Amino acid sequence: MRLVTGLFRAPPGAGRIALAVAYGVVCHAVFAVAVIAMIVAMFFGMSESLGRVPAPWYILANALLILQFPLAHSVLLTARGRAFLARLAPRPYGATLATTTYAIIASAQLAALFVFWTPSGIVWWRAEGAAFWALCTAYACAWLILIKASYDAGAEVQSGALGWMSLVQKISPRFPDMPETGLFRVIRQPIYVGFALTLWTVPVWTPDQLALALGYTAYCLLAPRLKERRFAALYGDRFRRYQTRTPYILPRLPRSR
């Protein structure tokens, strides 16, 4: 909220502010497209999309769409990746806009995955009646978990707002502290768990949805290991104590008395 209210006290600089706002508009527009495309495409089990690659080449095309997000996502979070992001925006604002640039790229990747997927045309199972409503409820809850976890981790970073809002105010981006509250008090990786839950609670099942769910569930299990290495290097003993008391992805069951 301090970041938002600070927008109304921005120092002069029409060019800087215009650039920042332009980045913000693009970032949040692409982010919205990606989220809506993901919700809708998975709700229908990836059976509805705009991809029209002919068989059997659509299998390769879909595999590349699955792989491109986690590969780039992981590379861009390395030291070299962050340096590359800083070079993508006009000087001297590249470093400030890096988080916004990253969010634009990640959102565009997700949008491409769900918009340009080529459906196989095979539907194994479509929920009906009570099963349909139960899965719709579970799907909505999975998205709420993902949204809450993203908020707990720092909504300004997850949405890409940190970069452009900082540039408007002509300040260095101030990253949120190591997340330990909210869902992060229960498990260390609630964002990845929430994402994985959205993959498995859909009311329509196809070979397409199964391939997506298996591939990205594996990513959700393995990718946080790289994230935790970065956190260990950044926060040291504080993060290691957090690791000791907080489980990775499965909450601890209450002990019976």
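This text goes with the structure placed above it.
Report follows, based on the coordinates. (Residues numbered from 1 in each chain as written. Predicted model: local features only at pLDDT ≥ 70, side-chain atom pairs only at ≥ 80, totals over all residues. Heavy atoms only, no water.)

**A short note on the overall build of the protein**
Okay, so step 1: What the protein contains, in helices and strands, is 10 helices and two strands.
Okay, so step 2: For the protein, the α and β elements follow one another from N to C terminus as α-α-α-α-α-β-α-α-α-β-α-α.
Okay, so step 3: A globule of 257 residues ought to have a C-alpha radius of gyration of about 18 Å, and the protein, at 20 Å, matches this closely.
Okay, so step 4: Over its C-alpha atoms, taken along the principal directions, the protein stretches across nearly 60 × 60 × 35 Å.
Okay, so step 5: Relative to its 257 residues, the protein shows a buried fraction of 44%.
Okay, so step 6: In the protein, of all internal contacts separated by at least 6 residues, the share reaching a separation of at least 24 is 82%.
Okay, so step 7: Of the roughly 14400 Å² of accessible surface on the protein, 70% is carried by carbon and sulfur atoms.
Okay, so step 8: Once the 25 positive and 9 negative side-chain charges of the protein are each reduced to a mean point, those two points are 10 Å apart. (Helix = DSSP H or I, 4+ residues; strand = E, 2+ residues; numbered from the N terminus. Rg over C-alpha atoms; globule rule 2.2 N^0.38 Å. Buried < 20%, exposed > 50% of the residue type's maximum accessible area, 1.4 Å probe, protein only. Contact = heavy atoms within 4.5 Å. Areas by Shrake-Rupley, 256 points an atom, 1.4 Å probe, with all protein chains shown as cover. Lys, Arg positive; Asp, Glu negative; His and termini not counted. Charge placed at Lys NZ, Arg CZ, Asp CG, Glu CD.)

**A look at a nonpolar patch on the surface**
Okay, so step 1: Residues Ile-36, Ile-39, Val-40 and Phe-44 make up a contiguous nonpolar surface patch of roughly 320 Å² in combined accessible area.
Okay, so step 2: Relative to the assigned elements, Ile-36 resides in helix H2 (residues 14-43).
Okay, so step 3: The class for Ile-36 is exposed, based on a relative accessible area of 54%. (Patch = residues over 30% accessible without salt bridge, like charges linked within 9 Å, V, L, I, M, F, W, Y side chains within 5 Å. Salt bridge = Lys/Arg side-chain N within 4 Å of Asp/Glu carboxyl O.)

**Comments concerning the environment of Ala-149**
Okay, so step 1: Topologically, Ala-149 is positioned in helix H6 (residues 129-158).
Okay, so step 2: In sequence terms Ala-149 and Phe-195 are 46 residues apart; their C-alpha atoms lie 9.8 Å from each other.

**Quick look at unusual backbone geometry**
Okay, so step 1: Put simply, Ala-55 and Pro-56 share a cis peptide bond, and its omega is -5 degrees.
Okay, so step 2: You can see Pro-56 is positioned in the loop between H2 and helix H3 (57-76).
Okay, so step 3: Here the bond from Arg-91 into Pro-92 is cis, since omega is 0 degrees, no more than 30 degrees from zero.
Okay, so step 4: Of note in the backbone geometry, Met-46 takes a positive phi value of approximately 65 degrees without being a glycine.
Okay, so step 5: Looking at the secondary structure, you find Met-46 in the loop between H2 and H3.
Okay, so step 6: Judged by its relative accessible area of 1%, Met-46 falls in the buried class.

**Description of the pattern of salt bridges**
Okay, so step 1: Evaluation of the coordinates by the stated rule reveals six salt bridges.
Okay, so step 2: In this structure, Asp-177 engages Arg-238 in a salt bridge whose closest nitrogen and oxygen atoms are separated by 2.8 Å. One end of the pair, Asp-177, is in the loop between helix H7 (161-169) and helix H8 (190-200); the other, Arg-238, is in helix H10 (residues 237-245), with 61 residues separating them in the sequence.
Okay, so step 3: Residue classification places Arg-238 among the partly exposed residues on the basis of a relative accessible area of 27%.
Okay, so step 4: It is possible to trace a salt-bridge network through shared partners that takes in Asp-177, Glu-180, Arg-238 and Arg-245.

**A look at the side chain of Thr-201**
Okay, so step 1: Secondary-structure assignment places Thr-201 in the loop between H8 and strand S2 (204-205).
Okay, so step 2: Residue classification places Thr-201 among the buried positions, given a relative accessible area of 12%.
Okay, so step 3: There is a polar contact of 2.9 Å between the side chain of Thr-201 and the backbone oxygen of Leu-197.
Okay, so step 4: Setting aside chain neighbours within four positions, we find Thr-201 in contact with Leu-135, Ala-138, Tyr-139 and Ala-142. (Polar contact = N/O pair within 3.5 Å; in protein donor to acceptor, adjacent residues only side chain to side chain.)

**Notes on the nonpolar core**
Okay, so step 1: Counting residues in each nonpolar core, the largest one holds 39 residues, and the members touching the most others are Met-42, Met-46, Leu-113, Phe-114, Leu-212 and Tyr-216.
Okay, so step 2: The set of elements that each furnish at least two residues to this core consists of H2, H3, helix H5 (98-115), H6, H8, helix H9 (207-235) and H10.
Okay, so step 3: Considering each element in turn, this core owes the most residues, eight residues, to H9.
Okay, so step 4: What Tyr-216 contacts, discounting residues up to four positions off in sequence, is Leu-65, Ile-66, Phe-69, Pro-70, Leu-113, Phe-195 and Leu-199.
Okay, so step 5: Ranked by size, the runner-up nonpolar core spans 15 residues in total, among them Ala-89, Ile-104, Met-165 and Val-168. (Core = buried A, V, L, I, M, F, W, Y, C linked by side-chain atoms within 4.5 Å.)

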